[in-house]
Amino acid sequence: MLSNHLRILESEAIYVLREVAAQFERPLLLFSGGKDSILLSHLARKAFYPAPIPFPFLHIDTGHNFPETLTFRDELIARLGVRLIVRYVQDSIDQGRVVEETGPYASRNALQTVTLLDALAELKADAAIGGARRDEEKARAKERFFSHRDEFGQWDPKNQRPELWNLYNGRKKANEHFRVFPISNWTELDVWQYIQAERIPLPSLYFSHEREVINRDGTWLAASEVVRPLPGETIRRKTVRFRTIGDMTCTGAVESVARTIEEIVNEVATARVTERGTRADDKRSEAAMEDRKKAGYF
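Enquirer: For this particular structure, what's the right way to read the packing of aromatic side chains?
Expert: The geometry of an aromatic ring pair is captured by two quantities: the separation of the ring centres and the angle between the planes. Counting across every chain of the model gives eleven aromatic pairs. Ring geometry for F146 and Y168: centres 5.2 Å apart, planes at 25 degrees, overall stacked. Of this pair, F146 sits in strand β5 (residues 146–149) while Y168 is found in the loop between β5 and β6 (177–180), placing the two residues 22 residues apart along the sequence. Both residues of the pair, F146 and Y168, count as buried. The interplanar angle of 80 degrees and the centroid separation of 5.7 Å between the aromatic rings of W192 and Y206 together place this pair among those described as edge-to-face. Of this pair, W192 sits in helix α6 (residues 188–198) while Y206 sits in the loop between α6 and β7 (209–216); the two residues are 14 residues apart in sequence, bridging distant segments of the chain. Judged by relative accessible area, which is 1%, Y206 ranks as buried. Aromatic rings pair up to connect Y15, F24, F145, F146, Y168 and F178 into one cluster. Sitting over the face of the ring of F72, R79 holds its NZ or CZ atom 5.8 Å from the ring centroid. The positively charged end of R134 is found above the aromatic ring belonging to F145, 5.4 Å away from the centroid.

Conventions used here
- Residues numbered from 1 in each chain as written.
- Predicted model: local features only at pLDDT ≥ 70, side-chain atom pairs only at ≥ 80, totals over all residues.
- Heavy atoms only, no water.
- Phe/Tyr/Trp six-rings, centres within 6.5 Å; stacked < 30°, edge-to-face > 60°.
- Helix = DSSP H or I, 4+ residues; strand = E, 2+ residues; numbered from the N terminus.
- Buried < 20%, exposed > 50% of the residue type's maximum accessible area, 1.4 Å probe, protein only.
- Lys NZ or Arg CZ within 6 Å of the ring centre and 35° of its normal.

Quick look at the structure:
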């Protein structure tokens, strides 16, 4: 059963989703396979039920996804009956649109910005719904619900529109678009409590399991074909889970024995590090996330 607090958050998110459907002609939902985008898909189903979800889902595949994420994605899409559009970072590399990073800390996470912007232009999308929350990372806290992007897909944090009395201004010029964040006011704990109350299925990665991992600069990365030990590193078997899911090259695990949602809720309630504290790409600089967002990142 939902608490009054969660009902208010749910109502707000549903209102924002319905505003997107009302104001835009070609919206889509950015789907990563992580818990926040899964939550958004659940809210979208509620927002328009018994009608189908009125927009497609777009997944930007870096080519370095966890296999569990892709399996869960396909199962969820089949259950929802929505259209899934997938665009690949590898195609952007092959076309010379981006250059693959090299070296021990190489990642495709930043490269997906170009793939995303190309996809939005190709699909003529005027709104892209994302699962960003204000407690994730300090740059996220600067966003509005309706976040304007210019004709180059760029974000200017100093030139955002006011959102008074829950009025959202979706006016734009040709080739501009909006990013929309319906769960901006949710916290990680809110998300988990809602998932628990609504019994929303999630990928197995979120739950504690044994896995081969590598400790790289204090971050436990899953050992795989794209993450191999460097000189001085060793593969170890640990009981871990992932608080956030993204590119395998930069998504860190946390040591945990939380095997149920109830145990995860209790763990998150006492955590002193944000979930993105396990993301290696956010540690590249103090303004790493804000720089990527200005360039068109999620």
